[in-house]
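Summary of structural features
Spelled out, the chains give:
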Amino acid sequence: MKISKILAGISAMAVAATLAISASAKTTITLTESETGAWVTCFQKWESEGSSMDNYIDAKSFTKDTPIEVTINYDLTENFEADGYANIKPCQAAQGWKALSKLDPSYIQGLRTLNVDCTYDVSGVGYMYTGDDALDADGNTIVVPYAMQKAGDITTNDPDNHVMKFTISADCVNYLVDSATETEASYNGIQFQVNNIKVNSIELSQDGIKMASTVSGVEAPGIIVTDDSGTPVDPENPDDSTPDDSTTDEPTDSDTPADSTTDGTSKPDATTTDSSKTDSSSKPTTTTSTSNKDASPNTGVAAVAIAGLALAGAALVATKKK
């Protein structure tokens, strides 16, 4: 057999092995105690040196140039029945909890936007696609149980739906990592604000992802982080780059609705401000960067590459024996 064919076979096997390992990479964050107030973070606070700190998914543990597929498993609270809707807002942890989609519309993918390319279903439950691709293969209008709002939150009016899925783009991951590692005092990551929702778990399609408390060496209450094998991720040694004053970074996103005011049909598309979450006088700011440096400590990509090469080496040995 020609050496070129052997090398081609090895290359194909290495790529296949790499893809197989990458596909299984996952971090699961289970919330045994989930915050359920109106427009609060779903994560329990953690204590450090007598200070109460907001927890968040730490961008310093992300792998750059790799999107994160997100699956949120949740239950609806009692207020959902009265309001008729519930919301989750994916936002950055720094600089006032700005919605990721408001930072850049491309940062959140895989969702329709209410009153842009979908509208309320005529049944009163779900959201109908609009536009040229609104019909399925059988000619029926596509209806989904949740949709993005212009304010950056994901809304649902379906009482039987308990899962939301979307993708955080690679560009968003890079932005979060860069802004979290710009200086020793910098930090950033993903925060989730909730309304009428109790989050049970969050699945993320990267391995090695950690909470801010875990990176700082603290076991936070109500949160269990596990890898793709189900093994709990233990707190690390304290990370000096995590600021002690990150607790003061309350939401200041002017697009966060105060009371989820509706459009008269009991369905939100609000852009009002929650004044109780806008006092930014003592909030730390983060200087963001668009540099291409990769300061992420996540070694998942390297591990995958090594595994692929190991399999390729085994294939070469087997070929030589023939």
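Reference entry: report on the structure contained in this document. Computed from a prediction, not measured in an experiment: that's the story for all the values here. One numbering rule holds for all chains: residues counted from 1, following each sequence as written. Where local features are concerned, this predicted model is filtered to residues with pLDDT of at least 70; where side-chain atom pairs are given and counted, the filter is 80 or more; whole-chain, interface and lining totals use all residues. Hydrogens and waters are ignored; side-chain quantities use all the structure's heavy atoms.

**Some points on the environment of Tyr 85**
Residue position: Tyr 85 is located in the loop between α2 (78–83) and β7 (86–92). Linking Tyr 85 and Tyr 146, residues 61 residues apart in sequence, is a C-alpha distance of 9.8 Å. A run of H or I in DSSP becomes a helix once it reaches four residues, and a run of E becomes a strand once it reaches two; helices and strands are each numbered from the N terminus.

**Comments concerning the packing of aromatic side chains**
Only centres within 6.5 Å qualify two rings of Phe, Tyr or Trp (six-membered ring in Trp) as a pair; their planes then separate them into stacked at under 30 degrees, edge-to-face at over 60, and tilted for everything else. Inspection of every chain in the model, using the stated rule, returns three aromatic pairs. Here the aromatic rings of Tyr 56 and Tyr 187 are separated by 5.9 Å at their centres, their planes lie at 40°, and the arrangement is tilted. With Tyr 56 in the loop between β4 (51–53) and β5 (57–58) and Tyr 187 in the loop between α4 (170–180) and β15 (189–195), this pair connects stretches of sequence that are 131 residues apart. With respect to burial, Tyr 56 and Tyr 187 carry one shared label: buried. Look at Tyr 120 and Tyr 127: their rings are 5.8 Å apart centre to centre, the planes differ by 45°, and that puts the pair in the tilted class. The buried label goes to any residue with under 20% of its type's maximum accessible area, the exposed label to any with over 50%, and the partly exposed label to all in between, with areas taken from a 1.4 Å probe on protein chains only.

**Section: α4**
Counting buried residues in α4 gives nine out of 11 residues, a clear majority hidden from the surface. Of all the residues in α4, the buried ones are Cys 172, Val 173, Asn 174, Tyr 175, Leu 176, Val 177, Asp 178, Ser 179 and Ala 180. Contacts are assigned to residue pairs with any non-hydrogen atoms lying within 4.5 Å of each other. Looking at the packing, one finds that the buried side of α4 touches β6 (68–76), β7, α3 (100–103), β14 (163–168) and β15.

**Details of the side chain of Ser 169**
One can find Ser 169 in the loop between β14 and α4. Ser 169 sits in the buried class, given a relative accessible area of 5%. Discounting residues that sit within four places of it in the chain, Ser 169 has contacts with Pro 67, Ser 106, Tyr 107 and Gln 109.

**Observations concerning the pattern of salt bridges**
Just to be clear on terms, a salt bridge is a Lys or Arg side-chain nitrogen sitting within 4 Å of an Asp or Glu carboxyl oxygen. Tallied over the full model, the rule gives three salt bridges. Close ionic contact of Asp 54 with Lys 45 constitutes a salt bridge, the shortest N to O distance being 2.3 Å. Taking the relative accessible area as the measure of exposure, Lys 45 reaches 36% and is therefore partly exposed. Taking the shortest distance from any N to any O, the salt bridge between Asp 133 and Arg 112 comes out at 2.6 Å. One end of the pair, Asp 133, is in the loop between β10 (127–129) and β11 (143–144); the other, Arg 112, is in the loop between β8 (108–109) and β9 (118–120), with 21 residues separating them in the sequence. Overall, Asp 133 belongs to the partly exposed group, its relative accessible area being 45%.

**Overview of the sheet that holds strand β16 (residues 197–204)**
Spatially, the six strands line up as an open sheet ordered β8-β14-β6-β16-β1-β18, and their pairing is antiparallel. Each edge of the open sheet is held by one strand with a lone partner, namely β8 and β18 (223–226). Pairing between strands is defined by DSSP: at least two bridges between the two strands are required. Bridging between β6 and β14 involves six bridges; their strand directions are antiparallel. Note that in β14 the partner of Asn 73 across the bridge is Val 163.

**Quick look at the side chain of Gln 193**
In this fold, Gln 193 is placed in strand β15. Look at Gln 193 and you get buried, because its relative accessible area is 0%.

**Points about the sheet that holds β9**
Taken in spatial order, the three strands line up as β9-β10-β11 in an open sheet, and their pairing is antiparallel. Of all the strands in the sheet, just β9 and β11 have a single pairing partner and so form its edges.

**Focus: the environment of Ile 168**
Along the polypeptide, Ile 168 turns up in strand β14. Given a relative accessible area of 0%, Ile 168 falls into the buried group. Sequence separation of Ile 168 and Ile 108 is 60 residues, and the distance between their C-alpha atoms is 5.0 Å. Residues in contact with Ile 168, not counting those within four places in the same chain, are Pro 67, Ile 68, Val 70, Leu 100, Tyr 107, Ile 108, Val 173 and Ile 190.

Spatial relationships are all this shows, so hold off on functional conclusions.
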